[in-house]
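Residue-level structure breakdown
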Amino acid sequence: MDQKQEMAISKMRELVETQGIPTQKCVDHTFLRFLKAKSMNPEKAAKMYVEWKKWREDFVPLGSIPESEIADALGDNKIYLQGLTKIGQQPFLVAKANRHSTSASKDPLQFKKFIVYLFDKAIASSFKDGKQTGNEKIISAVDLKSIPYKSIDARAFTISFQLLKAYFPGRLGKMYMLNAPGFFVSFWKMFSIFLDKDIQENIIFVSNEKEKESFVKEIGEEILPEEYGGRSKLIAIQDVTTHSSINNPLS
């Protein structure tokens, strides 16, 4: 961390505390994520942090989303949490798109709870003994094999990316698209123009052997499921035990 970043963090802390929010328990790296999201502007970053803090207290009052509140979504067994990637030590999520029903996102509140649960659980998986051992960014793979056209859910993608941008700054790593059929590629070309450039740049379609080799190398065969070239079994996210409280996963 350079001197310019340290000065920006100090100024941001000062601005946050003037609004009655203590910052002693918040590490510098958390503030730096907000600052980077706002082009290192302390005023804008402080405003974003305060908004996040209020949202968190209102939307996740228990510190995490209870699985009982999203039982139906978890019952679909469409999201898996495999561990930390070989390169970068980043939490790795796998999504089975053909198990998603567009009816899930027709209740925005419930779907948002489901997405927040996924993000929180992935972040918590990179902690051990209260310290973050993995990288802050989440790597994901969306398996589009056998996805029916009716399962393409623009609303679900929109809600997910909006939550990431507003309340999980600096958490989006690469998102690999696997086994994408032609009609999905066409959909994505139309949908992605509405996404921020930094998000677009992190979406990677794996469509040939060279790209697949690069994907396997980055994730690591130890945690990559067998069907994608690894040696691991799929692990449903609800079956993963984390070793960190996620009352404040950004800190």
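Our subject in this report is the structure included herewith. This is a predicted model, so every value here is computed, not measured.

Conventions and cut-offs
Residues numbered from 1 in each chain as written. Predicted model: local features only at pLDDT ≥ 70, side-chain atom pairs only at ≥ 80, totals over all residues. Heavy atoms only, no water. Helix = DSSP H or I, 4+ residues; strand = E, 2+ residues; numbered from the N terminus. Rg over C-alpha atoms; globule rule 2.2 N^0.38 Å. Buried < 20%, exposed > 50% of the residue type's maximum accessible area, 1.4 Å probe, protein only. Contact = heavy atoms within 4.5 Å. Areas by Shrake-Rupley, 256 points an atom, 1.4 Å probe, with all protein chains shown as cover. Lys, Arg positive; Asp, Glu negative; His and termini not counted. Charge placed at Lys NZ, Arg CZ, Asp CG, Glu CD. Phe/Tyr/Trp six-rings, centres within 6.5 Å; stacked < 30°, edge-to-face > 60°. Arc of directions from axis to C-beta.

Looking now at the overall build of the protein chain. Looking only at helices and strands, the protein chain features nine helices and seven strands. Since a compact globule built from 251 residues should have a radius of gyration of about 18 Å, the 18 Å found for the protein chain is in line with a globular shape. The 251 residues of the protein chain split such that 47% are buried. Taking the intrachain contacts of the protein chain between residues at least 6 apart in sequence as the baseline, contacts between residues at least 24 apart amount to 74%. By element, 51% of the accessible surface of the protein chain is carried by carbon and sulfur atoms, the whole surface being about 13,200 Å². Of the side chains in the protein chain, 36 bear a positive and 31 a negative charge, and the two mean positions are spaced by 2 Å.

Aromatic ring pairs are defined here through the distance separating the ring centres and the angle between the ring planes. Tallying each qualifying case throughout the model produces 24 aromatic pairs. Pairing Trp 55 with Phe 168 gives two aromatic rings, centres 6.3 Å apart and planes at 75°, and the pair type is edge-to-face. Residue Trp 55 is found in helix H3 (residues 42-59), and its partner Phe 168 is found in the loop between helix H6 (154-167) and strand E6 (172-178); the two are separated by 113 residues along the sequence. Here the aromatic cluster, defined as three or more aromatic residues joined through ring pairs, consists of Phe 157, Phe 161, Phe 184, Phe 187, Trp 188, Phe 191 and Phe 205.

Let us now look at helix H7 (residues 182-191). Three or more residues of H7 are buried, namely Phe 184, Phe 187, Trp 188 and Phe 191. Projected onto a plane normal to the axis of H7, the buried residues spread over an arc of 100° and lie on a single side. Facing away from the buried side of H7 by over 90 degrees, the exposed positions are Gly 182, Lys 189 and Met 190.

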